[in-house]
Amino acid sequence: PEVLEKGGFDVIVGNPPYVRQENLDATDQGTYAHAFSSVFAGTADLYAFFFQRSHQLLNSGGQLGFITSTGFTKRDWGGNLSKFLSTQFEIRHAIDFGELKVFEATVEPYIVVAAKRTPASGHALEGHFIFCEVVNRIPHRRSKFGSLAEVRQVLEEQMGDILAKDCVRLPQQR
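These remarks concern the structure in this document. (Residues numbered from 1 in each chain as written. Predicted model: local features only at pLDDT ≥ 70, side-chain atom pairs only at ≥ 80, totals over all residues. Heavy atoms only, no water.)

**Things to note about the overall build of the protein chain**
Summing up its helical and strand segments, the protein chain has seven helices and six strands in all. When each of the 174 residues of the protein chain is scored for burial, the buried share is 43%. Sequence-distant contacts, at least 24 apart, represent 71% of the contacts inside the protein chain between residues at least 6 apart. Roughly 9,500 Å² of accessible area belongs to the protein chain as shown, and the carbon and sulfur atoms make up 53% of that amount. (Helix = DSSP H or I, 4+ residues; strand = E, 2+ residues; numbered from the N terminus. Buried < 20%, exposed > 50% of the residue type's maximum accessible area, 1.4 Å probe, protein only. Contact = heavy atoms within 4.5 Å. Areas by Shrake-Rupley, 256 points an atom, 1.4 Å probe, with all protein chains shown as cover.)

**Describing the side chain of Ser54**
Tracing the chain through its elements places Ser54 in helix α3 (residues 47-57). The buried category is assigned to Ser54, whose relative accessible area is 5%. Only 2.8 Å separates the side chain of Ser54 from the backbone oxygen of Phe50, close enough to count as a polar contact. Not counting the four nearest positions on each side in its chain, Ser54 is found in contact with Ile12, Leu64 and Phe66. (Polar contact = N/O pair within 3.5 Å; in protein donor to acceptor, adjacent residues only side chain to side chain.)

**Here we look at the nonpolar core**
Counting residues in hydrophobic clusters, the biggest one holds 25 residues, and the most contacted among them are Phe51 and Leu81. Listed by contribution, the elements that provide at least two residues to this core are α3, β2 (58-69), α5 (79-88), β3 (90-96) and β4 (109-115). Broken down by element, this core gets its largest block of residues, five residues, from α3. Filtering out sequence-adjacent residues up to four positions away, Phe51 remains in contact with Leu64, Phe66, Thr68, Leu81, Phe84, Leu85, Phe89 and Val112. (Core = buried A, V, L, I, M, F, W, Y, C linked by side-chain atoms within 4.5 Å.)

**Focus on the pairing of β2**
Extensive coverage of β2 is indicated by the burial of nine of its twelve residues. Here strand β1 (residues 9-14) pairs with β2 via five bridges, running parallel. Residue pairing in the sheet places Val11 in a bridge with Gln63 of β2. In terms of strand pairing, β2 meets β4 through seven bridges, oriented antiparallel. (Pairing = 2+ DSSP bridges.)

**Brief notes about the packing of aromatic side chains**
Applying the stated criterion across every chain, the model contains nine aromatic pairs. Note on Phe36 and Phe49: the rings are 5.6 Å apart at their centroids and 25° apart in plane angle, and the pair reads as stacked. Remark: Phe49 occurs in helix α3 and Phe36 occurs in the loop between α2 (26-35) and α3; sequence separation between them is 13 residues. Side by side, Phe36 and Phe49 carry an identical accessibility label, which is buried. Measuring from ring centre to ring centre gives 4.9 Å for Phe51 and Phe66, while their planes differ by 65°; the resulting arrangement is edge-to-face. (Phe/Tyr/Trp six-rings, centres within 6.5 Å; stacked < 30°, edge-to-face > 60°.)

Laid out in structure tokens, this is it:
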């Protein structure tokens, strides 16, 4: 409560759950629909609600860093979340790992780094689509995309260089 009285958190970092909201009972779904109406869709992953809740808890200019899945960028249910992010946050980085196996999970990882502020007209975020760059840097890979260990080694050793070289300035539309 004290931190909220002072305006909210400076930073929130998280890895929200990749759980389908349809798995919740009807009462819980109704509660989420009411509490998180800006991002709610009839079908979605619960992590969509974490974005709106984080916005509520951050102070003005506070920083958000989430690793989620690419689901909201590829499916109809992600429209509300995409609109919310583009109007309520100034997105600094969006990192799409594509089909890279970064974790044991079956999802395609996606990292969002943003500040709680209305994006300025003409703001451009740094988009990183690093799938090909990482795969091409795996020497003598044993499979099409490389093993989890091979991918992790490249990311640990070369991530800074990859992000510097594989950066596309994308206009953030509001």
